[in-house]
Amino acid sequence: MKLMIVDDEERTREMLKKYIPWEELGIHQVFTARNGLMALDTAREVRPDIVLCDVRMPKMNGIEFAQQYQAIDPTSIFIFLSGFSDKEYLKAAIHLKALNYIEKPVNLDEVKSVILTAIQLKCEERKKKSEDEQLKAGFDHGLPFLRQEMVRKLIAVPTSVHVRPALQSTETFLLPSQGPYTVLSALLYWSPAYLPEDPALVQEQLLFTLNTEPQLRGYRALFGFDSNHFLIIIMSGAYRSSFRDNREIIDSLYAELKAIAGHNIEVRLGIGEVVHELDDIPISYQSARKAGFMQFYVEGLKPIFSNDVNAVHTPLETNWEDVRITRDELRKGNLDAVKQSIDKLTERAREHVDIDIVRVKDTYFQFLLAILEVAVQQGLKELTHDTERRYIWKEIDRISNLENLRRYLLSFLQLFYEMKSGHTEQGLSKMREIIRYIHSHFHENGFNIQQIADHVNLSETYLCSYFKKQRGETIKEFITQTRVEKAKQLLLDREVKLYEVAVRLGFTDANYFSTFFKRYAGVSPSEYRERTQS
């Protein structure tokens, strides 16, 4: 629990901070400020639970400070310190619902007693809030997961004895007991900055939104993620690619899905064949997945319907002789031959239309490992370790279509083109452009390395390796140092509030900015400002 002491008398501040056993009372952090103006700035950053505040202070008195801070955090508990002549001020404090008033000179035992009461109130408030959130979470989150379980049963074992009785509750499961039915399968590709460590957490948020968004209720569709993390949608009705077969409804739903997913998630939608029996829903599901996989072979985003999929699918196996030839040509410096080899692989992939996308990506991965092997041998990059291989595979796994996969491989040839052309000036120009872009955009919300890579037309993996080789530091270290230096510059101006500094650096949370700054600068933003201006 956090407490702030606000008093213009340094002796009072220090006595309260030093001679009350705050840890024993349950207060783990104590902050001080010498007037209401400074207190407001610090409180925005640290969010104190309890404020022990003098009434009369210069620049901003305690009542004004309390009024402004309670507009930010109405849950904070105020205890005022007052002299005998402050009765008019205390009338205003009554309207602020202050917990208590302590007359000066301060009695430490009285302070401890009032603080214990405040802590007890705060604990009860937190307990009630937690209980309310748990009740709300149980009510709000139960239905989406119940529907997801029904989705999983319908696409796998619709003959289960529990399915038909459950579908009688149409308000819960939305689907009628009679067909037709159409299954949709959506592949979700996360942008690098948004790629979660645990996709299940983000899926939970999406699942909740899909089941509660007012615009989606009219479709009366069941939403759920299957065991492969594909978003599955089961709809009542027949939906095909022609507009006489409800195509406009699918287009409308697709637009809603993309809006909910946002810019950080690319949605590729496959629509399965129409089935008329509940027991045939797995057939529609499999055809929807197949149609969704076909998205990999086209650029642009539009739904693909199973009734439009006529291609013959054959496995794309890795041709190890082609991998060997590519490696040999690269060693000789025949970059055009290597590019032709990658283009030939892409043509072969289009001919096979293999719907096992992991197998297709693994074939490209083998060619890329051959390229990196030669790059290490020629001193263009450091040895590729297992950790880097896993990271590269994650990058490849995020690529949503074949053409982008081809471009990704070709980007690694940039290493060799620069060496071949005597890349000193070209390399300096490229570094200047990278650094210029970082300085121009690091403060933007959501700024990430992938944006820099896209701007300079490099893969993220190659950009990181290239930057480290040129500068002797990682690109993440450079971005961090850039942010810290800019923060120090802004903190020199006392007119700029701490939360404004955070916003100007691209932080949406002032508390996170404070933690970030202290980690790299060794002191909090407030302490840095005090030291540089004392």
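Okay, so let's go over this structure. (Residues numbered from 1 in each chain as written. Predicted model: local features only at pLDDT ≥ 70, side-chain atom pairs only at ≥ 80, totals over all residues. Heavy atoms only, no water.)

Between the first and last C-alpha of helix α14 (residues 335-352) there are 26 Å, a value that for 18 residues agrees with the 26 Å anticipated at 1.5 Å per step. Among all positions in α14, only L335, V338, S341, I342, L345, T346, R348, A349 and H352 are buried. One face of α14 carries all of its buried residues, which in axial projection span an arc of 160 degrees. Exposed side chains of α14 directed beyond 90 degrees from the buried face belong to D336, Q340, E347 and E351. Where α14 terminates, the next one or two residues include V353, which has phi positive at roughly 45 degrees. (Helix = DSSP H or I, 4+ residues; strand = E, 2+ residues; numbered from the N terminus. Expected span 1.5 Å × (residues − 1). Buried < 20%, exposed > 50% of the residue type's maximum accessible area, 1.4 Å probe, protein only. Arc of directions from axis to C-beta.)

This paragraph deals with the sheet that holds strand β3 (residues 50-54). Spatially, the five strands line up as an open sheet ordered β2-β1-β3-β4-β5, and their pairing is parallel. Edge positions in the open sheet fall to β2 (29-33) and β5 (100-103), since each of these has one partner strand only. The mean angle between the axes of side-by-side strands here comes to 20 degrees, regardless of whether they run parallel or antiparallel. Pairing geometry for strand β4 (residues 77-82) and β5, over four bridges, is parallel. Within β5, the residue paired with I79 across the bridge is N100. Packing against the sheet, helix α1 (residues 10-19) makes contact with β1 (2-6), β2, β3 and β4, and its axis sits at approximately 175 degrees to β2. (Pairing = 2+ DSSP bridges. Axes fitted to C-alpha atoms, helices over the stretch in contact; angles between N-to-C directions. Contact = heavy atoms within 4.5 Å.)

One way to put it is that helix α13 (residues 320-332) packs onto helix α15 (residues 357-377) with a least axis distance of 9 Å and a crossing angle of 25 degrees. Relative to α15, α13 is oriented roughly parallel. Remark: the crossing between α13 and α15 carries right-handed chirality. Here W320, D322, V323, T326, R327, L330 and R331 of α13 come into contact with α15, specifically with Q366, F367, A370, I371, E373, V374 and Q377. Its residues assigned to classes, the contact of α13 with α15 comprises seven nonpolar, three polar and four charged. (Parallel < 35°, antiparallel > 145°, perpendicular 65-115°, else oblique. Left-handed = near helix turned anticlockwise from the far one by under 90°. Nonpolar A, V, L, I, M, F, W, Y, C, P; charged D, E, K, R; others polar.)

With 97 residues, the main nonpolar core has I234 and I434 as its most contacted residues. In terms of residue count, the dominant contributor to this core is α15 (twelve residues). Counting residues in each nonpolar core, the second largest holds 27 residues, with L188, L207, L216 and I271 among its members. (Core = buried A, V, L, I, M, F, W, Y, C linked by side-chain atoms within 4.5 Å.)

Another aspect to go through is the sheet that holds strand β10 (residues 304-305). Hydrogen bonding along the main chain pairs the strands of a sheet, whether they run parallel or antiparallel. Ordered by their spatial adjacency, five strands build an open sheet running β7-β8-β6-β9-β10, and the pairing between neighbours is mixed. Looking at strand neighbours, the two that pair on one side only are β7 (222-225) and β10, the edges of this open sheet. Relative to strand β8 (residues 231-236), strand β6 (residues 181-190) is paired through six bridges, and the arrangement is antiparallel. Counterpart to L184 in the pairing with β8 is I233. Sheet strands touched by helix α11 (residues 247-261): β6, β7, β8, β9 (265-271) and β10. Its angle to β9, the strand with the most contacts, is close to 155 degrees. Strands β6, β8, β9 and β10 of the sheet are contacted by helix α12 (residues 281-294), whose axis makes an angle of about 35 degrees with β6.

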